[in-house]
Amino acid sequence: MGGSITGGTGPSGGQWEPRGSSRCVPIPSGMALCQGIGYDTMRMPNLLDHESPAEAVQQSASWLPLLARECHPDARIFLCSLFAPICLDRFVSPCRSLCESVRESCAPIMACYGYPWPDILRCDRFPADHLMCISSITNTSVETGGRRVPQASCRDCELEVASSAKDTLDTFCRSDFVVKVRLTRLKSSTTSLAPFSLGSKLEVLKHGPLLGGQIRSRIEQWLERDATCVGNMTRHQFRGTGGATYLVTGTVHGERLVVTKAFAWHKRENKNLVAAVRKWKRHQCKS
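Residues numbered from 1 in each chain as written. Predicted model: local features only at pLDDT ≥ 70, side-chain atom pairs only at ≥ 80, totals over all residues. Heavy atoms only, no water.

So, about the overall build of the chain. The helix and strand tally for the chain stands at eight helices and eleven strands. Expressed as a percentage of the 287 residues in the chain, the buried residues total 47%. Considering only contacts in the chain between residues 6 or more positions apart, those separated by 24 or more positions represent 73%. Working note: accessible area of the chain is about 14500 Å², and carbon and sulfur atoms make up 49% of it. (Helix = DSSP H or I, 4+ residues; strand = E, 2+ residues; numbered from the N terminus. Buried < 20%, exposed > 50% of the residue type's maximum accessible area, 1.4 Å probe, protein only. Contact = heavy atoms within 4.5 Å. Areas by Shrake-Rupley, 256 points an atom, 1.4 Å probe, with all protein chains shown as cover.)

Here is the structure:
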């Protein structure tokens, strides 16, 4: 587990202690929020009073777009300690300081889209750090794998116009991946967070540490989960159920793609971008 457990035993019956008996169950494979967190069983009911794994899976899915924006390095630890608490001899909740740190970074991003920090995650519900709880092991300036984690913004992935072919080539060189994608708006979407489908053909200019066959599945995962980025990118491009083409660049963080720049593919209106793509095959990046 990414966080550390600190302090002594808190008073029984505290606000963070759930009522009634509980049981240990496997973390469902469908709970994408809490895969690969260092343990594979959780307590039910959880600390958010979800009675079944299915309910926890459904409720946790709404947090995936926020995590996709990397609003705080410990956001996943914090949320999974509530949705999928580790199965020990007692419940261990997040420390109040962990909640406050995540809230400080992530609440402004939620507010961009009209969502307040939920009352059920009120930080004063959680114990102080000197009690038994999960504390943060990082801070907002953490570096992951030698690379600084991108800081979320309400303007993530707003479309850019290439200022010059040279600057755009430099962007390609600094990025882990460069891909041209075709997106089509779905007529209805009851299961997808993003109402778009990915076209049948991807033009991969650079795949970086990913194998060529991994690109499509990772782009589809990004499209499903990163609602902030996809929404900003497509806001002024779609009318009706038509499609639009984009060139996206970004970095690879574990199994996730983080799109850092997005360009609308218009040959007439974005000539510098088109020129950069044409020159890319012969371009030598500076080491």
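What follows concerns the confidence of the model for the chain. When pLDDT is averaged along the chain, the result is 82, and 82% of the positions lie at 70 or above. Overall, residues 8–15 carries pLDDT values under 50, and its contacts beyond four positions in sequence, including any with other chains, amount to 15 contacts. Within the model, the stretch residues 189–193 combines pLDDT values under 50 with eight contacts to residues more than four positions away or in other chains. (pLDDT = per-residue confidence, 0-100.)

Evaluated as defined, the whole model comprises six salt bridges. Between D124 and R122 there is a salt bridge, with its nearest N and O atoms 2.8 Å apart. Owing to a relative accessible area of 44%, D124 belongs among the partly exposed residues under this scheme. Between K166 and D170 there is a salt bridge, with the nearest N and O atoms lying 3.5 Å from each other. (Salt bridge = Lys/Arg side-chain N within 4 Å of Asp/Glu carboxyl O.)

For the structure shown, the criterion picks out seven disulfides. Disulfide pairing is shown between C34 and C80; the S-S distance is 2.1 Å. Taking the sign of the torsion about the S-S bond as the criterion, the disulfide between C34 and C80, at about -105°, is left-handed. With C34 in the loop between β2 (23–26) and β3 (41–44) and C80 in helix α3 (residues 75–83), this residue pair connects regions lying 46 residues apart in the sequence. In this pair, the class of C34 matches that of C80, namely buried. (Disulfide = S-S within 2.5 Å.)

So, about the packing of helix α5 (residues 165–174) against helix α8 (residues 271–280). Across the interface, α5 lies against α8 with an axial gap of 8 Å and an inter-helix angle of 55°. Between α5 and α8, the interaxial angle falls into the category oblique. Considering the relative orientation of α5 and α8, their crossing is right-handed. In contact with A165, T168, L169, F172 and C173 of α5, α8 contributes N272, L273, A275, A276, V277, K279 and W280. Of the residues contributing to the contact of α5 with α8, the split by class is nine nonpolar, two polar and one charged. (Axes fitted to C-alpha atoms, helices over the stretch in contact; angles between N-to-C directions. Parallel < 35°, antiparallel > 145°, perpendicular 65-115°, else oblique. Left-handed = near helix turned anticlockwise from the far one by under 90°. Nonpolar A, V, L, I, M, F, W, Y, C, P; charged D, E, K, R; others polar.)

Right, let's talk about unusual backbone geometry for a bit. Cis peptide bonds are those with omega within 30 degrees of zero, and the linkage from M44 to P45 qualifies with -5°. Phi angles above zero are rare outside glycine, and D49 is one such case at about 65°.

With that out of the way, let us pick up the environment of S60. Inspection of the secondary structure assignment puts S60 in helix α1 (residues 53–60). The exposure class assigned to S60 is buried, which follows from its relative accessible area of 2%. Note: C-alpha distance between S60 and C80 (20 residues apart in sequence) is 8.8 Å. Not counting residues within four places of it along the chain, the set of residues in contact with S60 comprises M31, L33 and F83.

On to the side chain of K180, then. Looking at where K180 falls in the secondary structure, it is placed in strand β7 (residues 177–185). With near-sequence residues (within four places) excluded, K180 lies in contact with L202, E203, T245, Y246, L247 and W265.

This next bit is on the packing of α3 against helix α4 (residues 96–112). Following both chains from N to C, one finds α3 and α4 inclined at 125°, their axes separated by 9 Å at the closest point. In terms of their interaxial angle, α3 and α4 are classed as oblique. The two elements α3 and α4 cross, and the hand of that crossing is left-handed. Taking contact as the criterion, the partners of A75, I77 and F78 in α3 are, on α4, L98, C99, V102 and C106. Among the residues making up the contact of α3 with α4, the classes are represented as seven nonpolar, no polar and no charged.

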